Structures are given as C-alpha cells and as structure tokens.
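One letter stands for each residue in the lines below.
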Amino acid sequence: MGSSSGWRMAGMEVPLLSTDSIDWRQLSVPSYSSSTSTANNSNHSLSKDFASCCGVGNPPSYFIWKTRKARSNVLEILELGSCKEISRIGLQLTFPDALFPFAFIYKDESKSTSGDLLLLYTLTVSGVAYLIRLRDNFDYGTSSLVPSNEILGYNTQSHPHYGAITTVAASEGCLSIGRSDGSIGCFQLGTLDPSSSGFVYELRDDVGFGRLWGILSRSSTLAAVQDLVMSKVQQRKFLFVLHSDGSFRVWDLLTRSKIFSHTMTAPSLTGAFVRLWVGEANADTGTIPLAMLHQQNLEVSTETIFLYGLHCNVGDKTPLSLEPSLKKISLGEGGLVDVKLTSNNVWILKEEGLIMQDLLRDDFTGGLAHYYALQETFVADQLFQSSEHSSDDLLWLACSSFSSAKDEVVPFVSSLFLRSLLSPGVYCNAVLRQTFGDYSKHFTDSEFGSFTVDGLKSELLSLMEHQGGSTSPVSILQCWKTFCARYVNNWCKYNAACGLLIDSLTGSVGLVRNNTISLCRGLEDVEHVIYGSFEENTKCVGSGFDSSSDELDRQILFEFLQCVRCVSQQLGKASSAIISEFLSRPHVSSEEVIPQFLKILEIGYSSSTGATLVSELGVDTAWERELLNHRTLRKFSANMFLSLRALCHKANSWGKVLDVVESHLKFLVPCKIVLNLDAESVFHILDSAIVHSTSQIARVMFESVLDVLMLLSYMTSICGQINMSHDDVSRVKLEFIPMIQEIMTEWHIIHFFGTTPSESPPIEDFSYKLSSLQIDSNGDKRLWNANLGKCEFSLAYILLLRMQSSSRELRNLSFSRLPNPSSLVSLSREFTSWIICGRSGEESSVFFSNAIDLAIILLGHNQYSATEYLLTSVDLYSRKEKIFGSLQAVDGKYSALFHLLGCCLIAQTHGLHVPDRDRKLREAIHCFFRAASMEGSSNALQSLPDEAGWLRIDFSSSPSASSWKLQYYQWVMQLFEQYNESEAASQFAIAALEQVDAALGTMDTSSRENLGESVTTAKGRLWANIFKFTLDLNNYHDAYCAITSNPDEESRTICLRRFIIVLYERGAVKMLCDGQLPLIGLVEKVERELAWKAERSDISAKPNPFKLLYAFEMHRHNWRRAASYIYLYSVRLKAEAAVKDHQLRSLTLQERLNGLAAAINALQLVHPSYAWIDAPVDDISPDRENYPNKKAKITKQEKSLSDDDLPQRPPSYLDVEKLEKEFLLTSAEHLLSLANIKWSSTGNNKPSPELINLLVESYSYDMAFLVILKFWKGSDLKRELERVFITMALTCCPSRLGPSLHGKDRKTHTLLLTSSQDEAVHNSLHTATTVHQFAGSSHWETLEQYLDKYRALHPRLPFIVARTLLSADSQMDIPLWLVRHFKGDRNESCIGMTGSESNPASLFCLYVDHGRYTEATNLLIEYMENLASIRPADVMRRKRPLGVWFPYTSVQHLWHLLEESIRLGHRSSEQCEKLKDLLHGVLSNHLNLLKVDSDDVLACLN
C-alpha cells in the first residue's frame, strides 16, 4: 500500500493478547424441541470466521465474541477489561445447531436485577433465539451445561409461511431478524414473557386495509432483507434495513413506524448492495455516517464501499434525510473482512491491510488517505520474507562482515534467524509447532510446553542440521528461508484477521484474529517522515522540527533524507539486522562493524566474498550477482556524487548542511519526559501493546540513526570528491558520529529489551519457588513470574513492572478504556523516556545513571544475560568516549556498574562448561577489583538497594578507604563462596587480609570495638577462610601454610582439626605421615588431633586412624608410642569382634593379629630394657555409646615422653613376651573362628585345656602345639602333648574315625605377621615360635609327621600312640613307621632291645599285653637272631658285662600265656604251639650264646 501515492501509512498493528493462553470454560447449551423449522431447512454454514466486540459498562469491559467456520455451532466469548488484571478465562458455548455470525452482549440495567447482570443474544440458523445469562468471570464451577434457569430459548420460525432468516440485529431488550420474504420480526426477548401480548411484532409497510391481505400483500412488494443494523440516535432506537433490491429503510422501534425509505443506486455499476454499516451520529452536525458495500457480479468479483451521510432532525416532519455522496472506496478483488464506522472515520479491514478514511475531509475524491501495517507484514519483514533480495543481501553482508573468519558465517546466520523467529510479536507457539510438523517433527503438548528458549533453539538448530544446512552459508540460508516461508504462511493462516475492535469514544482501534487480539498504534514523528512524503507530513511532525525553520532548511533536510534512503537501499534491509545482531553480543561495539559496511558502500563486495560464494551459488549465479552488484554500485556512486554536490550547492556550504543535520539528530534522540510516579503499575492489558509498540518504534529509530551514520561516514570517506573541508570532516567525526553512536546505542538497547525473551528463573532459586506457591497476595507478581522464560515475554515487561503511571493521558484515562493510536504512541514515548532517563528525565551520557537502576531491576528478576549486555554496552561506550575520569567523579557510579556486572557474571557461572565458566569468573574478579578501586565507591555501593545484594555496613566510625575495602572484599569473598568458587573467594580473602593492618591497626580502641574484633581476630578469621578455600581446591600445602600463618591460636587449632578431618575424608592423610609437611611446632597438636580422631572414629573407618597414628609415630622413630597406638587398635578390635557375626568376626580377628604383630615389631626396635608399653584401661565394651564428634576448642597440653626419658615400669605393663602370648591366643581364636567355633581369650594367663581340645577337634594341630609349647613347661608340657597325641591316634582308628577334614581339599590355615621392616609376611610364622602346618593325605600321615616333630620333646610319645591304638583295637596293624620309632637305628650303640622310653622292649610288652603273640614272638626272634649274627668287630662289645638286655620278665610272661592258650584249647592252640616251639628254640640258642660269652669272659678274667 505504501507505494501508492494516494495512500499514506498512519500506524502499525501491535499484539495485545494471545488466546492460546486462555483457559476456556466449555459449556453445552440444551436443545429445544421446538427448534425445528420448515421455513429454514437450508444447510446454512459459515463461509469464514467472524468476530466482533461489545463494549459493556462504563468504564467498559470489552466482550469479544467469535464464531469459526470449522465449528459453526460454537460461540467463543472473551472479556477484555482495560482497567483490571487481564483475564485468562474464556467461555465456549456449544449449541445444538449452527449459529449465525452474530452475538450481542449487554448489561441488564433494570431495577429488578441487583449487581451487574450480563445477557447474551444469539441465533441459530434453524431460527432458535437464545438469551443466556453470563456469570462473572464465567464461573460455572464444574458444570458442563448452562443452567436451565439461566437460559431462555425461543423459536422465531414457528410458522411455516415465514421466509428463511437472512440477517439478525439486536439491542438491549430487542432482537430483530430479517427474512428472505422481506419481513422483519422483532422479539422482546428478556423484556417480556414469550407468551405475553406484544412479545413478537413485525415491521411492515402495509397500512389500513392492506393489512388484511397479510402475507400476500407483503410478499408481492418487498425484496429479501439483506442486512440489519440497530442503533441508538438521540436516545431513540432506530433499525436500519437494507433490502436486496437496494431499498434502504429506517424504522423507529419505539413507534414501530418507518421514518425513512430510499432506493440506493450505484451509477455506472452493475451488481447490488450486500452489506450495511451505521456509525454514531456526529454530535456537531447531527449526521449519521453510513457505509454500504456494493458487489459487482463480474468474472472476478470486485467490491466498492459507498459512504453516505444521513442527516437527523428528530423534531421535523421528515426526521431523516440522505445527503448526496460522491465518496466511494474501491476495494478491488474481494478480501474484505470487516468495516466499522465512527462519527468521523471509517475503518476497513482487508486481508492485506487496515484502511482508515477521514469522513470529515472535504477534499476527499475517492483515494485512500491512511493505512495501518498489519502484523503479517511485520512477521514477514522480520524473517526476511518481504523482499526478494533481503535474504540474498543477508548472505553477502554476513560473508563480508566475517571476511577473516568464514567459519563464523553459518552460526551467525542461524543466530540472527533464531533471534528474529523467537522474538515477541513473531513467535507463536502453535505456529512453530505446526511448522515443525511440516518437517515430520512432532511433539506432544507436554513436550512442546516444556521447551525453554534454549530448548527451542536447540531443536531448530537440530532441524537445520538435519536438512543439510550446517555445511555452508548458502545451504544454511536456504534452509532458514524455506523454514521461515512455511512459518509465515502458517502464521497468516493461524492468525487470520476476522474482525475489528473499535472504541468510538477514545478512537482506539484493534483487530480480532483467530488466536490473537491486537491494537493499532500511530506513528512517531520520525516515522511519518520515513514512511510518507516529507512535504505531506510536515504538519504532522511539527513538534519534532523547529517551526521557525525556513523553507531552505526544510529543502536541505528533505534532500539529505533522500540521500539517507539511497544509502539504506544500497545496503539493503538486512544491514540493520546484521548490525543489531552484532551489537546484541557482549563486548561488541559499532566501531567493529560499521567499517565493513562502509567499505561495501565505497568499493562494493570484496572479491574474496564473491570467491567464497562461487562454490556455493555456482559460477553462473555468482557471476550474475557480481555483475549486478557492480552495476548497482556504479549507479549508487554516481547518484550519491551528484546528489551530495547538489545538496552542497543548494546550501552554499557544507556547514549549513551540517547545521540542518544537527537539528535533525536532536529530533532522533529519545524523548526525555519528567514522570510523576505515585504507585506501581499492575499487570495491565495495555502492557503488551506498550512493549510491542516501543520495540517497533525503537527498531525504526535504530535503522534511521544507522542510515544517517552510514551516510555521514560515507561522506567523510569521499570528502575530497564532494569538496568537504577538513573542518567539516572533523566536525562530523568528532561531534556527529559520537552523538549518533550514543543515540544508536540507546535505541538498540531499548529494542533489545523489547525483543529479547526473558530468562527463566533457575530451578533452585528459592524466591521463585516461594512465588510459585502463591503465598503472597500480589497476583500480578505471580503472573509475571509465571511468564518468565517464555518467548513472548520480553525483558521490557520486567521493566514495565517498575514503571509507574505518570503521563497526562494515563492519568486522564486511568486505563479505563483502550487508548487511541496516538495515545499508545505517547505511552510508548513515556516508557522509552523512563528507560533512558528514569523518573527525572534528566539527560546523561548513554543513560549511565539510569542503567544502574535498570540493571538492578533485571538482576532482581534473575535476568543475568540481559544485565551483562546492558552494563558491558555502557562500559564499552564509556571507555570509547574516554570519559572514565568524569564518570569516576560522579558519585562513584562507575564502581556501581562494575559491582553489578560482577554480580551478574558470577551468577551466570552455574551450569556453564569449564572454559566459559572460567572466563566469566575472571571477568567477575576483574569487575569487583575495579569496583573497589574507584574513588567514591563506598558511598555509591552503600546507596544500592537490597536487590543488588549489598549488606548494610556502617562506616561512620571509620570512613577510611582501607576499612571500606576490607569490608567490601569480605563481602565479595562470601559471594564467591555462595557459588562454590573457592579460588576466586581465596583471592578476595587475601586482598582483604592485606587491608587489615591499614584498616584496623590505625583505629582507636572504640572504633575497633564497634567493628567487634581485633587485628589478630580479623587476620585469624581471614586466614581461616583462606585455609577453607584452598582446602576445597585440594591445595593441601597451601592450606597447611594458611594454618601456620594464622596468628589466632584458637582459629589455628580449629583449622588444624578441620585439616586432619578433611585429609581423612579424602584419603590424603598419608601426607601427614610421610614427611611431606614440615610439622614444626605442630607435631604434638597433630598427634593429639589424630588421637582424638581415632578415639571417636568408627573402628572400620578408612583410612584407619590408629594405623595412621602408628605410621605417624614410626616415621618419627617413636617406636613405643607407635606400639601403644596400634595396640589400642587391637583392643578396640577385640571388643568389636565379640559382637560380630562369623564372617565379620574372622576378618576382625585377622586385623587384630596384624595390629599385634605391628606392635611386637615396633617394640623389637627398642632397647630390651625399654621394650614395653602401658596396659590400657579395659573400659571398652561392645555396647558402648558412640563418642561425640565434637571436641573442645582448647585442650590441655599433653606432655610428650621421649624414648630417652622413660618412667619406671608401672605395675601393669605389656612387654614383647606378653604381646607374643596375646598374639598366639588371638591366632588360635582366629583359627577357631574360621572353623565356625567361637572362643574368646580372657587375657594373657595360661589358657584352659578347653582351648587345646577345640584346636585338636578342629584339626588345628599346629596352633594347638604352639599354645602348649608357649604356656606349658616340664611334666605339664608332656602331659598336654600326650593328651593331644592320644586324640590324634584315636582319629586313626577305623572304628573311631569320623569325617576327614584332611586331604587335597583341606584348607591350610596360616598367620599374618608384620616383619621388623613393617612389611606384611603372608603364609609364614615366626621361626622361633611356629612351625609349618604339614599337609597330609590321611590321618596316619598327619600322625606320623607330628610324631616325628615332637618325639624329641617327649620320647614316650610313640609308646603312648601305640598303646592308644592297641587299646582301641588290639588286632590293629601297627604302622611300620610307628614300629620304626620303637626299633630305632640298628647302628645305635645299644645291643638287644634296650633304648629310650619307646624301645623294642616296650613295643614287645605292648604286644604281649594286648595278645599280639605272633608279633611279640617275631619281634623277640628278630632281635635275638640279630644279636647272634653280630659282626666280628662288635663281638667284644657284645661280651661286655651288661651290654645285652632283653625283657626277660615279659618273655617269661609270653611263655606262660602261650602255655595257657594251649592248655585251654583255644582255636589258635596250634599256632601257639608253633610260637612256643619258636620261642623255645630262640631262647635256647640265646642262652647257649650267653653261656659261651660268659665262659669267654671268665677265661679272660683268669
């Protein structure tokens, strides 16, 4: 529209409310049996969506109703109240039949009703009229039906001769319908009872006798009713009727008479009038404006609106007269949505725009004067869909901006589209979800509803990557273009306009769309110049231009603005979006971006940019585009050269031009308005319109200022060609460009606030959780908090929460009615002024002073990214302007900036990746140090409100800089500590420590008392904090240094205790024991803390504190103390083992053995005279209470006894021997526990025989013998050995043999000792006290091995074993190895059957005593024959007196036993005879040998 010379842009649409967030209450309307009509049986359906608005009350509540084509039987009603909190509840009424696109809502003001009673008229296509009572806030509870007592239905088509209903209209208490037969029926629904007389009446032309003809007379003269409008004129109800034949009539409903009739014609046009609209009568002229839609029935339907004036003179005979009209508005081809008339204007809503025509203009000749740009245009423009070359310009400009970093083009393009797509006014939740569905990417309601802004960005980037858009700039741009084209198309369908919203009293106008409601705003003064002709808009912008300016200045400005437009067209629409995207990033200034665009204006796109895109676009396409760029550049350069030369010629000098430009720049500065703020604003329905209006204006102003900047920069670059002097160039560079950059920064920040979605509060934020509980009574605040993090909820809403009502228009209206377009601009202007200057309206450099207030507001709502952007932008501009010194002197505001920036940066560290988090931390540390170093920082930071997180500290008693820094550094230290940033906190603790002497050392006593601590206490506290932070960072050496540096004794002790505890918990306590830390002067304290920890720690703690004490003392060669601690550990283990189950008890006993072995090893390193330790007091019980985990801060010094100065041994002491005995008993207990036998030692005294029995029964022979050898001596030792071997022998008897525990699967029990070198020795025992456990394949082998081992200790053991075996079974075969124990070595000196206690004679006696005659006889024969066959060399020894001995008594006893057996005639008597004979023979030979030997001896003697 803007291209037509007859049309001029007058405003823009701004979103007000999205119905997606409405909670719809769905109710069903019951059907009526009389609703069937034979006269209206045609299938009536809605051709499109309809919507309208009814204003009820004063101040009004706007009830918006809507019917949809897809659901023609559903009526949607939404209340829009401008004077109260926005309603989030709507009503959906489902009727049994399709509805006419009609509804009328009014308030029943009859005296019979109390309160505000709202009534609804509606009509179904079947002819049933409904009157429904609407409850306040649509509160119907849980009901799904409209209560029967709140609804009245009436069938208007009860007679079959009625024609079909064609149209309907209503006013308070009256419903009128027009029919196809030309009749008009009026029903006083809600006023009279349907059964009463006068409830129904008709408006007819026939009078007198003609009434008798009834329907025949009416049907022959009247055409179908085309449209009805009911309106109040001078307190009288008029019904305006348009018939299909062009007849236009007006009826007075009070008298039920026709007061006007006229046939409407359209000269030179075919077709008919199809719609009628009536406006309010003009109070001055008494004229009622009329509009009629004429439709031509051509191949392509064209529509024209004719405007008329109906003059009203109620007192005249002819009360109405139609004024001739030549006004008509051609609408072209279809597309009409709605028309509204006020007393002065006509509003025409078409699919492509909103048209407004002033009815009072006398020079109106049929052209359109004003149009309002709709949201469709805005959305398409934001997503680069409005111009054919805008997206291509975006690609070339982006590649030129990143000439040295091509890899950044793709993410930059994606970032730009993401920012535009998710900005308020463009983003629509349902549309984006539908567009995702077009790409087969579907989400459930809960999934899509849970997406944050970052989540949506991730999904969009993932989709672009899946579409192949991550490889090159061209592909990513093409993917985004396709996606945005689909998005815009879906947006237009989803939010199609379906009606107008007009408040004739204020002149406000809005649109009702399918899913949104919006208002129209006017244009700012500069926008009039931008969007319209300069000459046409001069009077509209007089407030912005100096009215005293002469015509020459106006012409100069006009030509200058023409040059500005040329620059804007040359760069394209995408240039402002790219620069805005650059500036939206922290630490990026315009000076980094503008030179790249200036180079494009001078020499065009670089060859490198073209070469980069050749591979993407193709050679031909890239070549054509490059040629086009060259032609465009040449044309631009020539035109600019001529235009600038002509401009200079007209002004006679560049100085004059620059004077005019300077005046224009002041016109671009945001308005500064002084506001009188009384109370905080509530979440008003206008807030959305104000925010969107402000962001739209800021965008236009930013683009305008940018274009002026580009033109002035271009002029300075070609100054030689256009004859600009050096002074003029300097003036531009030193005065104008800084001014423009300041203005551009202001507008960009305003636009940033209006378009950047707010951040969602962190999940762990307690204040947000508290607000979500809705405990407080501030419903507006809860509503704001619920909207945080939504794409449609920008940062500007947060700022608007703090802005208070101040403007004249706001005070007059009190927000009671919707504002007109110009008032909405005024509200936006006030909001802009509040952002820039705050309440006072005082100008300052880049709203520096107010930026602090804005940052505090944003910080209070957890908008950290926005706060960072705001403060860094101010900082960048301030440094660029080199005004650091001046800012430093102005109330220390600069220190407040850095303080807030530091708070913002540290708050962002949560959840970031390590590189980003470290960068934020470094910047935050830098900011806090800079804040503290500023002059006047104390007063500035003290003046910050509570939202800034500053603690109130009174410095009145000590206003020194050091005192201030000391307290500030401590506050920052605590802040970093809250975010678990120990390294940064440590830096500020050190910085605070450096200020202590200067801050507290120079104070007098009273001042220090006011602060509550001395220098030593302050240093101790800070060193304690340093210790804590370094300990958190695992810097143990630094933490230890902090302990040793702490001058406060109490604090140092506490830190040392904490140090040891943390080392325990982290498994790093070894460093205390291996000499890594120089414990100079702290050995006793460390030992005491370790001992305290050991006493109060669980015995299963790892690392074990007793073992650490043992290692600690061993490293320092304190052997006895080491043995004492490890023995205490074994005592604790003994108590623990008593209450453990089988498996845990075995492990505990094994651990105790290790402890005892370590104690023995430690004492063995000490001189034997000192190798003892104190016996501990036996106060450890299994059921003891847990030790407390706290210790007194100060404990008495314990005197450490060195090994060189030891006291005398106390009565109860433990030396190595006692420890070895305890070790042995514990080993026995451990072995028994492995066999699941429970036995406990009672001390170091001799154990009971029960222990030996248990060990032997469990086959722990090694341990049994070790215990016997350790605790028994002399005869007691032999007795215990005999008992053991008797038991072992019995196990070998077949009749006594139980299940064997021996064999290949037998478990070998071993002990664990600690060698003198502190090394664990497995599978071995001490050589002095232990022996190996022999492995045998049977009990016999075991008996043999142990008998061989211990025979030397008790020679009678073989005899004991043999006797036991024969006693158990006299017929048992004695093992050969046991017999050899009796026979001994044949080479031994004894001849005969003599020997040790276990000799052949004793074996012979055993045989004889147990009836083993054969073995006894054979044994005797063997030895006697052996004697007889002695070698010649030993004959002399045999003949020695008493050299030969045999058990003759036993031999004699054997002889008698054999004779007795023979005499008794036993079964073995024959065998006995043989044995007797053998015995007789061997004895005879033996006696003969003895006689011979005796004779030889006597011979020798003689």
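Our structure is the block above this text.
Reading guide: rules and limits
- Per-chain numbering applies: the sequence of each chain, read as written, is numbered from 1 onward.
- Since the coordinates come from a predicted model, pLDDT governs what is reported: local features require at least 70, and pairs of side-chain atoms require 80 or more to be given and counted, while whole-chain, interface and lining totals use all residues.
- Side-chain measures were taken over the full set of non-hydrogen atoms in the model, leaving aside hydrogen atoms and water.
- One side-chain nitrogen of Lys or Arg within 4 Å of one carboxyl oxygen of Asp or Glu is enough to make a salt bridge.
- A run of H or I in DSSP becomes a helix once it reaches four residues, and a run of E becomes a strand once it reaches two; helices and strands are each numbered from the N terminus.
- Each residue is assigned to one of three classes by its accessible area relative to the maximum for its type, calculated with a 1.4 Å probe on protein chains only: buried under 20%, partly exposed between the two thresholds, exposed over 50%.
- Think of it this way: a Phe, Tyr or Trp ring, Trp meaning its six-membered ring, pairs with another when their centres are within 6.5 Å, and the plane angle makes it stacked under 30 degrees, edge-to-face over 60, tilted otherwise.
- Charge-over-ring placement is defined geometrically: NZ (Lys) or CZ (Arg) within 6 Å of the ring centre, and within 35 degrees of the ring normal.
- If DSSP finds at least two bridges between two strands, the strands pair.
- Orientation is described by lines fitted to C-alpha atoms, with helices fitted over the stretch in contact, and by angles between N-to-C directions that extend from 0 to 180 degrees.
- Cavity and pocket criteria rest on a 1 Å grid covering protein atoms alone: a 1.4 Å probe that fits but cannot get out defines a cavity, protein on both sides within 12 Å along at least 5 of 7 lines defines an open pocket, and an atom within 4 Å of a point defines a lining residue.
- Grid points are joined across faces, edges and corners, and a volume is the space filled by probe spheres set on the points.
- Residues grouped as a nonpolar core are buried Ala, Val, Leu, Ile, Met, Phe, Trp, Tyr and Cys residues, joined through side-chain atoms within 4.5 Å.
- Residue contacts follow a heavy-atom distance rule, with two residues in contact if any of their heavy atoms lie within 4.5 Å.
- This arc corresponds to the set of directions leading from the helix axis out to the C-beta atoms.
- Angles below 35 degrees are treated as roughly parallel, those above 145 as roughly antiparallel, those between 65 and 115 as roughly perpendicular, and all remaining angles as oblique.
- For a crossing to be left-handed, the near helix must be turned anticlockwise from the far one by less than a right angle; the clockwise case is right-handed.
- All amino acids are sorted into three groups, where Ala, Val, Leu, Ile, Met, Phe, Trp, Tyr, Cys and Pro are nonpolar, Asp, Glu, Lys and Arg are charged, and the leftover types, Gly among them, are polar.
- For the purposes of these results, a polar contact is taken to be a pair of N or O atoms within 3.5 Å, where, inside protein, one atom must be able to donate a hydrogen and its partner to accept one; residues adjacent in sequence count only when each atom of the pair is a side-chain atom.

**Side note on the pattern of salt bridges**
All told, the structure shown has 40 salt bridges when counted by the stated rule. With a closest N to O distance of 2.8 Å, arginine 135 and glutamate 150 form a salt bridge. A residue pair is termed long-range when its members are at least 10 positions apart, and arginine 135 in the loop between strand 9 (128-134) and strand 10 (151-155) and glutamate 150 in the loop between strand 9 and strand 10 qualify at 15 residues. You can call arginine 135 partly exposed: its relative accessible area is 28%.

**As for the packing of aromatic side chains**
Applying the stated criterion across every chain, the model contains 49 aromatic pairs. Ring geometry for phenylalanine 793 against tyrosine 797: centres 4.7 Å apart, planes inclined by 15 degrees, an arrangement best described as stacked. In this pair, the class of phenylalanine 793 matches that of tyrosine 797, namely buried. Feature note: the residues Phe384, Phe417, Phe436, Tyr439, Phe443, Phe448, Phe451, Trp480 and Phe483 constitute an aromatic cluster, connected by ring pairs. In this arrangement the basic side chain of arginine 179 is found over the ring face of tyrosine 162, its NZ or CZ atom lying 4.1 Å from the centre. Note that arginine 486 overlies the ring of tyrosine 439, its terminal NZ or CZ placed 4.6 Å from the centroid.

**Quick word on the sheet that holds strand 10**
Across the sheet, four strands lie side by side as 7-8-9-10; this open sheet has antiparallel pairing. One side of each edge strand has no neighbouring strand; the edge strands of this open sheet are strand 7 (104-108) and strand 10. The sheet shows a mean angle of 20 degrees between the axes of neighbouring strands, taken without regard to direction. The sheet contact formed by strand 9 and strand 10 spans five bridges and is antiparallel. In the sheet register, alanine 129 faces strand 10, and the bridge partner there is tyrosine 154.

**Comments concerning empty space enclosed by the protein**
Over the atoms a probe the size of a water molecule is rolled, and this reveals where empty space is left. Counted according to the given criterion, the structure contains five cavities of 30 Å³ or more. Counted as a void, the largest cavity has a volume near 340 Å³. When residues of the lining of the largest cavity are traced back to their parent elements, those giving at least two are helix 2 (375-382), helix 4 (409-421), helix 11 (574-583), helix 16 (686-717) and helix 17 (726-755). The element that contributes the greatest number of residues to the lining of the largest cavity is helix 11, accounting for four residues.

**As for the nonpolar core**
Generally speaking, nonpolar side chains in soluble globular proteins are found buried as a group. One finds Leu432, Trp480, Phe753, Phe976, Phe1059 and Leu1072 to be the most contacted residues of the largest nonpolar core, which totals 266 residues. It is helix 16 that contributes the most residues to this core, 17 residues altogether. Residues contacting tryptophan 480, with those up to four places away along its chain left out, are Val413, Ser414, Phe417, Leu418, Leu421, Leu460 and Met464. By size, the runner-up hydrophobic cluster in this structure holds 71 residues, among which are Leu1225, Leu1255, Trp1377 and Ala1401.

**Regarding the side chain of asparagine 1399**
You can see asparagine 1399 is positioned in the loop between strand 34 (1391-1392) and helix 47 (1400-1409). The residues contacting asparagine 1399, other than those within four sequence positions of it, are Phe1382, Met1393 and Thr1394.

**Remarks on the sheet that holds strand 26 (residues 370-373)**
Sheet architecture is open: eight strands sit in the order 23-24-25-26-1-29-28-27, paired in mixed fashion. Whereas interior strands pair on both sides, the edge strands pair on one side only; in this sheet they are strand 23 (336-341) and strand 27 (497-503). The average angle at which neighbouring strand axes cross in this sheet is 25 degrees, direction not considered. Relative to strand 24 (residues 345-350), strand 23 runs antiparallel, the two sharing five bridges. Paired with leucine 341 across the bridge in strand 24 is valine 346. Sitting on the sheet, helix 2 is in contact with strand 1 (8-18), strand 26 and strand 28 (508-513), with an inclination near 90 degrees to strand 1.

**Section: the pairing of strand 6 (residues 89-94)**
With five of six residues buried, strand 6 lies mostly within the body of the structure. With six bridges connecting them, strand 2 (residues 23-28) and strand 6 associate as parallel partners. The partner of leucine 27 across the bridge, within strand 6, is leucine 93. Two strands pair when backbone bridges link them, and strand 5 (residues 74-81) and strand 6 are joined in this way by five bridges, in the antiparallel orientation. When the sheet's bridge partners are listed, isoleucine 77 is paired in strand 6 with leucine 91.

**So, unusual backbone geometry**
Positive phi, normally seen in glycine, also occurs at arginine 256, with a value near 55 degrees. Phi at asparagine 980 is positive, roughly 60 degrees, even though this residue is not glycine. With respect to the helices, strands and loops of the structure, asparagine 980 is situated in the loop between helix 29 (961-978) and helix 30 (982-1000).

**Some points on helix 5 (residues 429-438)**
Within the span of helix 5, buried status applies to Val431, Leu432, Thr435 and Phe436. The buried residues of helix 5 occupy an angular sector of 140 degrees when the element is viewed end-on, so they sit on one face. Lining the buried residues of helix 5 we find helix 4, helix 6 (445-449), helix 7 (453-466) and helix 8 (473-494). Looking one or two places after helix 5, you find serine 440, whose phi comes out positive at around 60 degrees.

**Observations regarding the packing of helix 27 (residues 914-933) against helix 29**
In the contact formed by helix 27 and helix 29, the axes pass within 10 Å of each other and the chain directions differ by 160 degrees. Taken as axis vectors, helix 27 and helix 29 run roughly antiparallel relative to one another. The hand of the helix 27/helix 29 crossing is right-handed. Seen from helix 27, the contacting residues are Leu921, Ala924, Ile925, Phe928, Phe929, Ala931 and Ala932; seen from helix 29, they are Trp964, Lys965, Tyr968, Tyr969, Trp971, Val972, Leu975 and Phe976. Residue composition of the contact of helix 27 with helix 29, grouped by class: 14 nonpolar, no polar and one charged.

**Here's the deal with the environment of aspartate 49**
Examined against the element boundaries, aspartate 49 turns out to sit in the loop between strand 2 and strand 3 (50-56). The spacing of aspartate 49 and threonine 67 is 18 residues in sequence and 5.8 Å in space, taken between C-alpha atoms. If we skip the residues at most four places from it in the chain, aspartate 49 touches Thr67, Arg68, Lys69, Cys498 and Asn514. Within the structure, the side chain of aspartate 49 is placed 2.6 Å from the backbone nitrogen of lysine 69, a separation counted as a polar contact.

**Structural notes on the environment of serine 895**
Within the secondary structure layout, serine 895 lies in helix 26 (residues 893-907). Overall, the relative accessible area of 0% leaves serine 895 in the buried class. Taking the C-alpha atoms as reference points, serine 895 and phenylalanine 929, separated by 34 residues in sequence, lie 9.5 Å from one another.

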